[in-house]
Amino acid sequence: SQALPDGVVVKIPPRHRIVAGVHLLNLSARSMTTSMRLTLDLLHPRDVQTVVAPFRLGYGDLHIPPERSRHTGECPMAGPYEDAAARPLDLKLYYVLPHYHALGDYFRLEIMGGPRDGEVLLQMEGFNAEANGKTFDPPVDLTGATGLRMTCGYNNPTGEEVNWGIGDQEM
């Protein structure tokens, strides 16, 4: 479940559709049949307090060597935000969903730049096959920051490099 705080919504404009891609990863040694269902909760406009927009941080150039490794990526958002909005960065972060497969064993998200540089928003160690999303209520105010930094850790027991992808690859 990707839940936002009460009164916070992602607005879907009239005559738009949602196109969603999902994948399931079977980590067991046996075949299984399963199903997935996508539902949305609707909120009456009188109950809407805040409209938010989703965004994604990705690390597509992922190259995981054999054994343990950590990979850090930085997303400097302040400059592009200021160019587009003609004002300093004033984002608020409501929800985070880390995503990796069976090799992932570490995740860390922190504020980059500004007076809160290095403040950890979410850190997880180990792998448990759960979604591990986190709702921030109240939201994290990123005013004064320059962006976000994420570090993902992996334990690759194979003798081969693993890259970004689905199936026998990683995210």
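Residues numbered from 1 in each chain as written. Predicted model: local features only at pLDDT ≥ 70, side-chain atom pairs only at ≥ 80, totals over all residues. Heavy atoms only, no water.

## A look at the overall build of the chain
Looking only at helices and strands, one finds one helix and 10 strands in the chain. For the chain, the N- to C-terminal ordering of α and β elements is β-β-β-β-α-β-β-β-β-β-β. By residue count, 30% of the 171 residues in the chain fall in the buried class. For the chain, contacts bridging at least 24 residues in sequence account for 73% of all contacts bridging at least 6. Total accessible area computed for the chain in this model is approximately 11800 Å², and 51% of it derives from carbon and sulfur atoms. Seen as two clouds, the 15 positive and the 21 negative side-chain charges of the chain have centres 9 Å apart. (Helix = DSSP H or I, 4+ residues; strand = E, 2+ residues; numbered from the N terminus. Buried < 20%, exposed > 50% of the residue type's maximum accessible area, 1.4 Å probe, protein only. Contact = heavy atoms within 4.5 Å. Areas by Shrake-Rupley, 256 points an atom, 1.4 Å probe, with all protein chains shown as cover. Lys, Arg positive; Asp, Glu negative; His and termini not counted. Charge placed at Lys NZ, Arg CZ, Asp CG, Glu CD.)

## Here we look at the state of the cysteines
The tally for this structure, following the rule as stated, stands at zero disulfides. Note on C75: no disulfide assigned, nearest cysteine sulfur contributed by C152 at a separation of 13 Å. (Disulfide = S-S within 2.5 Å.)

## Focus on the side chain of S69
Of note, S69 is situated in strand 4 (residues 67-76). Judged by relative accessible area, which is 13%, S69 ranks as buried. Engagement of the side chain of S69 in a polar contact is seen with the side chain of H71, the distance being 3.0 Å. When residues no more than four places from it in sequence are discounted, the contact partners of S69 are I64, C152, G153 and Y154. (Polar contact = N/O pair within 3.5 Å; in protein donor to acceptor, adjacent residues only side chain to side chain.)

## Considerations on empty space enclosed by the protein
With a probe scaled to a water molecule rolled over the atoms, the places where space remains empty come into view. For the coordinates displayed, the defined rule picks out one cavity of 30 Å³ or more. Space inside the largest cavity adds up to approximately 40 Å³. If you trace the largest cavity, you find it lined by I111, G113, P115, R116, D141, L142, T143, G144 and A145. Residues that form the lining of the largest cavity fall into these classes: four nonpolar, three polar and two charged. (1 Å grid on protein atoms, 1.4 Å probe; cavity = no way out; pocket = protein on both sides within 12 Å on 5 of 7 lines; lining within 4 Å. Points joined across faces, edges and corners; volume = space filled by probe spheres on them. Nonpolar A, V, L, I, M, F, W, Y, C, P; charged D, E, K, R; others polar.)

## A closer look at the nonpolar core
In this structure, L93, F107, L109, L121 and L142 are the most contacted members of the largest nonpolar core, which totals 22 residues. Looking at this core, the elements that each hand over two or more residues are strand 5 (92-96), strand 6 (104-112), strand 7 (120-125), strand 8 (134-141) and strand 9 (147-156). With four residues, strand 9 is the single largest residue contributor to this core. Residue contacts for L109: discarding those within four places in its chain leaves L57, L93, V96, E119, V120, L121, L122, L148, R149 and M150. (Core = buried A, V, L, I, M, F, W, Y, C linked by side-chain atoms within 4.5 Å.)

## Some remarks on the environment of F136
The topology assignment puts F136 in strand 8. According to the relative accessible area criterion, F136 is buried, its value standing at 7%. Separated by 41 residues in the primary sequence, F136 and Y95 have C-alpha atoms spaced 5.8 Å apart. Apart from the residues within four sequence positions on either side, F136 is in contact with P5, L93, Y94, Y95, V96 and L121.

## Considerations on the sheet that holds strand 7
If you trace the four strands from one edge of the open sheet to the other, you get 4-9-6-7, paired in antiparallel fashion. Of all the strands in the sheet, just strand 4 and strand 7 have a single pairing partner and so form its edges. Strand-to-strand twist across the sheet, computed as the mean angle between neighbouring axes with direction ignored, equals 10°. As judged from the 10 bridges shared by strand 4 and strand 9, these two strands associate in the antiparallel manner. Of the residues in strand 9, the one forming a bridge with E74 is R149. (Pairing = 2+ DSSP bridges. Axes fitted to C-alpha atoms, helices over the stretch in contact; angles between N-to-C directions.)

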